[in-house]
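# Secondary and tertiary structure notes
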Amino acid sequence: MTFEILVRENTRMLTVFLRSRSNDEAAVDDLFQETMLVAWRRLDDCDLSRPFGPWLRGIAHRLVLAHYRKQKRNLLPLSDEILEMVDEHFENIHAHPGDTWDEKIGALHKCLESLPEKHRTVVQERYLEDEPVKCVADRLCISLEACKKRLQRARAMLAKCLRLKGVLATGMKQA
Amino acid sequence: MSKDQTSPNEEHLSQCNEDDIKQSSNNDQAVSEESHQITADEIVIHGLLSDMGRRTPNEDEMRVQAVMRAINEKKEVKPFWWGLLLKPQRVALGLSALVVCFIFSLVIQDFNSVHAASATLEKIIAAAHKMGDRTYSIWVIENYKEVHPSQRKHPEELDGARLYVRGPDQYVLMQKITNGGQRLTGCDGELAWAMRVDSPVHKNDKVHVSSDLSRFRSGLPGHQNELPFINLNDQLNQLQDKYEVELLPEAGREVEGRVMAGLLGIKKSRDVGGPKRIEIWADEQTGVIHRMIMDGMPRAKGGPRSLIMELISQTELPVDFYSHTSHHELNRKIRFE
């Protein structure tokens, strides 16, 4: 029962974490299940007096790497510094006021609304309508590179907005 | 979800960060940190947005239920095989608690050390190479859903089978045949052989003999999965190469006066044959494998999903025990293949 509570408390966080690392939904499903089962098997090794999220993400990260190895796909290795920063963001979201994950990241909707229209559009089509970048580029009659750049800029603006609202960790130079 | 969509770490790193990384070695640390921060931001925002677009109603509950269902299935599996190993009255005491009390008493600190796991595995390999006779019982913990009997490739039962092993390449495996009698598969190091015995139907069958030592292994668990079940040396070498091996946290505890080394191997890739998970318990002093559990065997028209191999004896067997002539009448016909 205790473990079920931990699963419930961390389901959305882990799903977001996995979706941040893989665009393959089937892989996200498998990795989610696998991460939780590994965590269950190794629960005795976990210091439950410390936050459970980072430990769970550590397992998930290793499984993601293993998954990419299996797929023989190159995922550029993320440095420890980047992984640490990613973890800080997730921990910051966890500590942000709100009873549920959605409440904690509620500011994301407001940040999306505050984006300039061309950036909001590209985010809307790429993410909320879940279109491949190429399709978004074709629809907007821009080059693939321009589309990627626009998405990148939109994500940076969203990160800045969420940081200002205290959802993301303050970070270093971006503060 | 199409896989042609790139995730931001792929997008971002492929576009700019790869170059940044190359350049950053000559730049100051602040630039590198800023670049890292941008990448970290991108990854998290991508995750949040992807989740927003892809999540389905009731997704969380479905995930929780799926995990708990899988856990409950595994919980059901454990008592079954432990129950096979323990006396009935002990089973009644509660298997999980009993396992903890019965098997383990010490915890080694550096359980997750790859180096320690590798060293332990090497020790087991070295020991296995020069070992005398060992007899193992094989039990099927869990089967895949049974196929129609007519589709079943091997009528031999692995559940309850007995495996005799000597050194690196001598073995005899005795399996019951569902319609009566036994199938014996063996190798004396020079010839591999297979025959049926104690079967009125097959009493006139020939004894099949071959100098190809892997000739008759097709009915064995593991061989079809590129993991020669009976050749422990090969199997352990496969573990080194194709599995992530780590020490089990319970390793170092005492079982019936012996300190046990526990290793867990998780298959590195789905492209590799063999079970997904192998657990080995060996005497830390002698390296003798006492228990080996294989979980997640590739499905092959039903068949075992999980197996356990348990050491039941180290009694010395007759010198010619691994030769086919020890197991059939002298006048039985031999067919060389």
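Rules used throughout
- Residues numbered from 1 in each chain as written.
- Chains lettered and ligands numbered in written order.
- Predicted model: local features only at pLDDT ≥ 70, side-chain atom pairs only at ≥ 80, totals over all residues.
- Heavy atoms only, no water.
- Helix = DSSP H or I, 4+ residues; strand = E, 2+ residues; numbered from the N terminus.
- Buried < 20%, exposed > 50% of the residue type's maximum accessible area, 1.4 Å probe, protein only.
- Contact = heavy atoms within 4.5 Å.
- Areas by Shrake-Rupley, 256 points an atom, 1.4 Å probe, with all protein chains shown as cover.
- pLDDT = per-residue confidence, 0-100.
- Disulfide = S-S within 2.5 Å.
- Expected span 1.5 Å × (residues − 1).
- Bend = angle between axes of the 7 residues up to and from the residue.
- Phe/Tyr/Trp six-rings, centres within 6.5 Å; stacked < 30°, edge-to-face > 60°.
- Lys NZ or Arg CZ within 6 Å of the ring centre and 35° of its normal.
- Core = buried A, V, L, I, M, F, W, Y, C linked by side-chain atoms within 4.5 Å.

With that settled, the discussion passes to the overall build of chain B. Along the backbone of chain B there are 7 helices and 13 strands. In chain B, which comprises 337 residues, the proportion classed as buried is 50%. A separation of at least 24 residues holds for 56% of the contacts in chain B among residues at least 6 apart in sequence. Per element, the accessible surface of chain B, about 16400 Å² overall, is 50% carbon and sulfur.

Residue and element names in this part refer to chain B. A residue-level look at chain B finds 63% of positions with pLDDT of 70 or above and a mean pLDDT of 72. When pLDDT is averaged over each helix and strand of chain B, the minimum, 39, is found for helix 1 (residues 8-24) and the maximum, 88, for strand 6 (residues 207-210). Predicted confidence for residues 77-92 stays below pLDDT 50, and this span has 25 contacts to residues more than four positions away or in other chains. Overall, residues 98-112 carries pLDDT values under 50, and its contacts beyond four positions in sequence, including any with other chains, amount to 37 contacts.

Turning our attention to the state of the cysteines. All names here are of chain A. Within this structure, the stated rule accounts for 1 disulfide over all chains. Each sulfur in the disulfide pair cysteine 111 and cysteine 161 lies 2.0 Å from the other. With the S-S bond torsion at -80 degrees, the cross-link from cysteine 111 to cysteine 161 turns out left-handed. Highlighted residues: cysteine 111 in helix 6 (residues 107-113) and cysteine 161 in helix 9 (residues 144-164), separated in sequence by 50 residues. Like cysteine 111, the residue cysteine 161 is buried in the burial classification. Here cysteine 147 stays free of any disulfide, with the sulfur of cysteine 135 as its closest cysteine sulfur at 9.9 Å. Residue cysteine 147 is classed as buried on the basis of its relative accessible area, which comes to 0%.

For the rest of this paragraph, the subject is helix 1 (residues 2-21) of chain A. In this model helix 1 of chain A runs 28 Å from its N-terminal to its C-terminal C-alpha over 20 residues, within 8% of the 28 Å that 1.5 Å per residue would give. Of all the bends in helix 1 of chain A, the largest measures some 50 degrees and sits at asparagine 10 of chain A.

Turning next to unusual backbone geometry. All names here are of chain A. Located in the positive-phi region is aspartate 130, a residue other than glycine, with phi close to 55 degrees. For aspartate 130, the position within the fold is in the loop between helix 7 (117-128) and helix 8 (133-140). If you check the backbone angles, cysteine 141 has positive phi at about 55 degrees while not being a glycine.

This paragraph deals with the packing of aromatic side chains. Summed over the entire model, instances satisfying the criterion amount to 5 aromatic pairs over all chains. For the ring pair tyrosine 164 of chain B and phenylalanine 321 of chain B, a centre distance of 4.9 Å and an interplane angle of 65 degrees mean the geometry is edge-to-face. Highlighted residues: tyrosine 164 of chain B in strand 2 (residues 156-166) and phenylalanine 321 of chain B in the loop between strand 12 (304-313) and strand 13 (334-336), separated in sequence by 157 residues. Of the residues examined, tyrosine 164 of chain B reaches a relative accessible area of 12% and is grouped as buried. Each member of the aromatic cluster is reached from another via a ring pair, and the members are Phe17, Phe90 and Trp101 of chain A. One residue, arginine 126 of chain A, lies across the ring of tyrosine 127 of chain A, its end atom 4.8 Å from the ring centre. The ring of phenylalanine 32 of chain A carries the charged tip of arginine 63 of chain B above its face, separated from the ring centre by 5.0 Å.

This part takes up helix 9 of chain A. Residues and elements named next belong to chain A. Under the 1.5 Å per step criterion, the end-to-end length of helix 9 is 30 Å for 21 residues, consistent within 8% with the ideal 30 Å. Turning to helix 9, its buried residues number three or more, namely Cys147, Lys148, Leu151, Gln152, Ala154, Arg155, Met157, Leu158, Ala159, Cys161, Leu162 and Arg163. Count one or two residues on from helix 9 and you reach glycine 166, which has phi positive near 80 degrees.

Within the largest apolar cluster, 67 residues are counted, with the highest numbers of intra-cluster contacts made by Phe3, Leu18 and Leu162 of chain A together with Leu48 of chain B. Broken down by element, this core gets its largest block of residues, 9 residues, from helix 2 (residues 25-41) of chain A. In this structure, Ala128, Tyr136, Leu173 and Leu263 of chain B belong to the second largest nonpolar core, which totals 34 residues.

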